[in-house]
Amino acid sequence: MARVRDGDTLAVGGCLFSRTPMALVRELLRQRRRGLTLARNLTCTEGEFLMAAGAVERIVTAWMSIGLPWGVSKIMRHYVESGAVALEEWSHLALGLRFRAGAMGVPFLPALTMLGSDLMAVGGTKTIQDPYTGETLAAVPALFPDVALLHVHRADRFGNCQIDGYRHMDADIASAAATVLVTAEELIPEEETRRHPDRTVIPGFLVDALVHVPFGSFPHECYGLYEADVDHFAEYTAAIDAAGPGAVADYLERYAYAPPTWADYLDLCGGERLARQARRARELTG
Amino acid sequence: MARVRDGDTLAVGGCLFSRTPMALVRELLRQRRRGLTLARNLTCTEGEFLMAAGAVERIVTAWMSIGLPWGVSKIMRHYVESGAVALEEWSHLALGLRFRAGAMGVPFLPALTMLGSDLMAVGGTKTIQDPYTGETLAAVPALFPDVALLHVHRADRFGNCQIDGYRHMDADIASAAATVLVTAEELIPEEETRRHPDRTVIPGFLVDALVHVPFGSFPHECYGLYEADVDHFAEYTAAIDAAGPGAVADYLERYAYAPPTWADYLDLCGGERLARQARRARELTG
Amino acid sequence: MSGPFNASELLAVIASRQLRDDTTVFAGVGVPLLAAALAKQRHAPRLTMVIEGGIIGPEIAPGRLPISTNEMRAGRRAQMLPGITDAFLFAQRGFVDVGFMGGAQIDRYGNINTTAIGDYWKPKVRLPGTGGANDIASLCREIIIVTAHEKRRFVPRVDFVTSPGWLGGAGARRAAGLLFGGVSRVVTTLGILGFEPESRRMRVEAVHPGVTVQTIRDNTGFELDAAPVVETTEPPAADELALLRALDPERRFLG
Amino acid sequence: MSGPFNASELLAVIASRQLRDDTTVFAGVGVPLLAAALAKQRHAPRLTMVIEGGIIGPEIAPGRLPISTNEMRAGRRAQMLPGITDAFLFAQRGFVDVGFMGGAQIDRYGNINTTAIGDYWKPKVRLPGTGGANDIASLCREIIIVTAHEKRRFVPRVDFVTSPGWLGGAGARRAAGLLFGGVSRVVTTLGILGFEPESRRMRVEAVHPGVTVQTIRDNTGFELDAAPVVETTEPPAADELALLRALDPERRFLG
């Protein structure tokens, strides 16, 4: 985490409350970083935490809230409507193509999305003419994050990473970013990687640091291993409904700053909750 | 195969002598198609067969021969140097990006390859300026084949396809092509697909026709199932060395036209050879 | 006789009837996904759902409805999990027949705003944003919008065009570079709206039982023509309501 | 004393010494792959090979050398199989340190022709083509060419630029749009050639034991300068030859 500097642009893997690198986000909060730009396709509680902690000045995303049942994020509205944090909106595909262009090492990718909409102006997306047909396309600019924060299912000591189920945009983010920090639910021997090479989605030569962190996305989900703890979200939003945006500071004190280790954090989340969410995941994907 | 019309542009899956849809190529020969354009990244014996049968007038590829031990293809030289067949050369990545652009539904993709080389002129590749930095890039034009011929490991009745090991360019080819014809080593129940959805590489809605053809690439290889029969190649090239290009016609009579069914073709290839190559594949990947 | 039903149930049932078998539909979570799941169970068994989280061909479990597009529940028993970017690229390539979406604010040309009320950089109300809505509206062969019919939602001009409908009218999509698509229908709690082929302006094409064209006009923030023939929709049938209620026993989206 | 060795063995051993540990190398089949495999076994255990067939980090089995870039033997015990296009894209993104390739015809600027002798559309001799050679030469951070030293191969101007070396000389790669890379060394059966930093013209930088600069000039089809200091290479050591011969017991590429 020392590799993250104030003012960096961070790309966060996963999507909304799926495979969010929560342990890395928690470290980021504990390091009290400032002036960060957060780039994530769909932004959830981790975005609210970074806003409330004053860590981010800009969020680059396609959508931000927690999930349908909780409506529009009160925290997002508070910080964006007050002008404290800039919310730079891209279509979901366009943001995916920004990471992919970065991963491919090209400055832009042509696309047929966002054309004609007001989203073109928000990010300053230019159009381009196809040199063969003259057709107009959106030239979606590459995004090269300073640091990528990712959480994966398995990795070996060389940093070769495997992801089950939803790939989200992690592989493109890893190739696009200058520095890649990864947490993994499980560390596997190199032999295991070589037994199933077609399961590897991020090659080791992209990874700068790797840490073994079981339940590293909790209370967000990790495909096949544990479902998101919506009760945890409900308690969090209820506190905000009752006490306003300030409630997030209390939450961060309780979950991010007070527990010295990730194990302490998980104890606080509740072992019974972890077990229940793991059981539900098996029911859904087993 | 009735879906292939004279003059069509065909994209053939696999690569060189790996996962070539040989059963489909054999059907193509038996249908006596004419004026075809064959697009394949690395072209092997299947390209020689189509040249010798007078089926193709153009081959779009990055490389054509059988493999290092047999040097430059005498058949390729015979038909290309005589002007009978046009060989349109693209770099391997550029051809991959042509299929990917087609798969993405865009008319071109920017790339940093082929720039400054004489390959730019061969395919009429234009350059383009990045609208943000002004940098010059190759604008690799999309390729939208009329028909894609693919061989995969497994498919279900909806056409959902799974491939083990080398993906080659099959998934991009399937999305880029107007019509997709697939042979599969194994037909699996829909339940099996749903049990491992992250193994599916081609969605059923892309596939127009599916046939169950075990050893459907033989004598070429199919990852994990059987290694290429290089002795078969050696016999084939020895005949050409001895009798010249005409030897291919004899080979086609013997292997493509005479055997009424694929089972008869495999008998001709030799059951012992099939068993040996299957054993070698298990030794390498098991 | 199917007995009483609420507005959400009516919306979901009428919306589900818009989907045909052997097609692909890009469905957003909530009522659109419920409607697609209902169609698949009732009259379109080979309907393939594509979901934003990078999911193709899932079978949603009754009582296990997802609240997001990319959690395990959304991909239950899926046929393929290609990743988010590649799922959208299948639509860009032209493989998705119908885009099925909601909308916070919609104008006479079917343009949708889910971004902000007021100025973008100084919003009065900041909404969650496009997510994949812009992509679905830009890239699917046909768009069907599903929304409650309220005057504050149906405005002459949206504050911000998040998702393109017909933009400024006839020819505007093509001029902007969009190759196909466009909004065919807007299914609401009062009826079904379409677009006049020449001007691409919204018009009434069907009313739900007991609703008049005037009622729809009274609940719309802009002038609304009516199609030459205005149909009256069939009320939800008993089997439709039974299947629908079984999908959402917790009334998470049916209210 | 290592005893006698043939030209191919000399070429493979000297080439293998060019590779450093903890790097990535895009290796073509034949002598380049043999040399990379030797380096990995001897002094670069963490060398990651990238192979054209869409293969990352394989461990080639002695006696099971691949004859193509995309058969099972080439990907034995690989760490990742990303597919062909994506393997090249890792290079385009700048993640491949060294491109290791052969060449049929090479000119004074290190440009390579593996396409055709004579006119492209009416060739005297049609060669197999670029395969991934152009991509490796365009996209890797550094290119090392490995080839037999014959006058007919070293020509003033290649008939066709299949793979870009320094193109027309200093600055030509950048002007064409190539962001990095270029040929650093040409390892041959006679010595090691480099390129004068200003003009990017080929020059002699080292000779193998018993070879003189004049011998190299006599076997080169264009005028060749020599570096200020011309080294003499260390002959293959016994352990290098032993490991190398164990990799290719069938003498498939060692002749």
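All of these numbers come straight from a predicted model, not from anything done at the bench.

Asker: Please clarify how the sheet that holds strand 13 (residues 225-232) of chain C should be interpreted in this entry.
Answerer: Residue and element names in this part refer to chain C. Across the sheet, which stays open at both edges, the nine strands sit in the order 3-2-1-4-9-10-11-12-13 with mixed pairing between neighbours. Two strands close off the open sheet at either side, each with one partner strand: strand 3 (55-56) and strand 13. Pairing geometry for strand 1 (residues 24-27) and strand 2 (residues 48-51), over three bridges, is parallel. Of the residues in strand 2, the one forming a bridge with Val 25 is Met 49. Docked against the sheet, helix 2 (residues 31-42) engages strand 1, strand 2, strand 4 (98-101) and strand 9 (142-147), running at close to 160 degrees with respect to strand 2.

Asker: For this particular structure, what's the right way to read the packing of helix 1 (residues 22-30) of chain A against helix 2 (residues 45-52) of chain A?
Answerer: The relative placement of two packed helices is expressed as an angle between their axes plus a distance between the axes. All names here are of chain A. Taken N-terminus to C-terminus, the directions of helix 1 and helix 2 make an angle of 5 degrees; their axes are 11 Å apart at the nearest point. Comparing their axes, helix 2 and helix 1 come out roughly parallel. For the pair helix 1 and helix 2, contact is made by Met 22, Val 25, Leu 28 and Leu 29 and by Thr 45, Glu 46, Phe 49 and Leu 50, respectively. Grouping the constituent residues of the contact of helix 1 with helix 2 by class yields six nonpolar, one polar and one charged.

Asker: Honestly, the interface of chain B and chain D in this entry has me stumped. Any pointers?
Answerer: By a frequent convention, interface size equals the accessible area lost on bringing the separate parts together. Taken together, the contacts link 61 residues of chain B with 53 residues of chain D. At the boundary of chain B with chain D, total buried surface from both sides reaches about 4500 Å², with 60% on carbon and sulfur atoms. Ranking the residues of chain B by area buried against chain D places Leu112(B), Tyr166(B) and Leu284(B) at the top, with a combined share of 15%. Counting across the chain B and chain D interface gives five salt bridges. As a salt-bridge pair, Arg174(D) and Glu135(B) come within 2.6 Å of each other at their nearest N and O atoms. In this structure, the connection of chain B to chain D is made through 28 residue pairs in polar contact (both at pLDDT 80 or more).

Asker: Hey, could you run me through helix 3 (residues 74-81) of chain B in this one?
Answerer: Helical geometry: 3.6 residues make up each α-helical turn, so side chains three or four residues apart lie on a common side. Listing the buried residues of helix 3 of chain B in full gives Ile75(B), Met76(B), Tyr79(B) and Val80(B). Looking down the long axis of helix 3 of chain B, one finds its buried residues gathered within 115 degrees of arc, a one-sided arrangement. Its buried side turned inward, helix 3 of chain B meets helix 2 (45-52), strand 5 (63-64), strand 6 (86-89), helix 8 (230-243) and helix 9 (247-257) of chain B together with strand 8 (123-126) of chain D. Backbone nitrogen of Ile75(B) and a side-chain oxygen of the N-cap are separated by 3.3 Å at the start of helix 3 of chain B; the cap is Ser73(B). Following helix 3 of chain B by one or two positions, Gly83(B) adopts a phi angle in the positive range, close to 85 degrees.

Asker: So what exactly am I meant to see when it comes to the pairing of strand 4 (residues 56-61) of chain B here?
Answerer: Remember that side chains alternate between the two faces of the sheet whenever the strand is regular. Residue and element names in this part refer to chain B. The sheet contact formed by strand 2 (residues 36-39) and strand 4 spans four bridges and is parallel. Directly across from Thr 37, in strand 4, lies its bridge partner Arg 58. Pairing of strand 4 with strand 6 involves four bridges; the strand directions are parallel. Paired with Val 60 across the bridge in strand 6 is Glu 88.

Asker: Looking at this model, I keep getting lost on the sheet that holds strand 7 (residues 108-111) of chain B. Mind explaining?
Answerer: Within a sheet, adjacent strands bond to each other through the backbone by hydrogen bonds, running parallel or antiparallel. Residues and elements named next belong to chain B. Strand order in the open sheet made by the three strands is 7-9-8, with antiparallel pairing throughout. The sheet is open, and its two borders are formed by strand 7 and strand 8 (126-129), each paired with just one other strand. Strand-to-strand twist across the sheet, computed as the mean angle between neighbouring axes with direction ignored, equals 40 degrees. Bridge analysis of strand 7 against strand 9 (residues 136-141) gives four bridges, and the strand direction is antiparallel.

Asker: Can you help me understand the interface of chain A and chain C in this one?
Answerer: With 61 residues of chain A at the interface, the matching set in chain C holds 53 residues. Of the roughly 4500 Å² buried between chain A and chain C, counting both surfaces, carbon and sulfur atoms make up 60%. When the area that chain A buries against chain C is broken down by residue, the three leading residues are Leu112(A), Tyr166(A) and Leu284(A), summing to 15%. Our count for the chain A to chain C interface comes out at five salt bridges. The partner of Glu227(A) in a salt bridge is Arg73(C), with the nearest N and O atoms 2.6 Å apart. The interface formed by chain A and chain C holds 28 residue pairs in polar contact (both at pLDDT 80 or more) in total. Taken together, the elements giving at least two residues each to the side of chain A that touches chain C come down to strand 5 (63-64), helix 3 (74-81), strand 6 (86-89), helix 4 (92-104), helix 5 (119-122) and helix 11 (271-285) of chain A. When residues of the side of chain A that touches chain C are assigned to their parent elements, the largest contribution, six residues, is made by helix 4 of chain A.

Thresholds applied
Residues numbered from 1 in each chain as written. Chains lettered and ligands numbered in written order. Predicted model: local features only at pLDDT ≥ 70, side-chain atom pairs only at ≥ 80, totals over all residues. Heavy atoms only, no water. Pairing = 2+ DSSP bridges. Helix = DSSP H or I, 4+ residues; strand = E, 2+ residues; numbered from the N terminus. Contact = heavy atoms within 4.5 Å. Axes fitted to C-alpha atoms, helices over the stretch in contact; angles between N-to-C directions. Parallel < 35°, antiparallel > 145°, perpendicular 65-115°, else oblique. Nonpolar A, V, L, I, M, F, W, Y, C, P; charged D, E, K, R; others polar. Buried area = accessible area lost by both parts, 1.4 Å probe. Salt bridge = Lys/Arg side-chain N within 4 Å of Asp/Glu carboxyl O. Polar contact = N/O pair within 3.5 Å; in protein donor to acceptor, adjacent residues only side chain to side chain. Buried < 20%, exposed > 50% of the residue type's maximum accessible area, 1.4 Å probe, protein only. Arc of directions from axis to C-beta.

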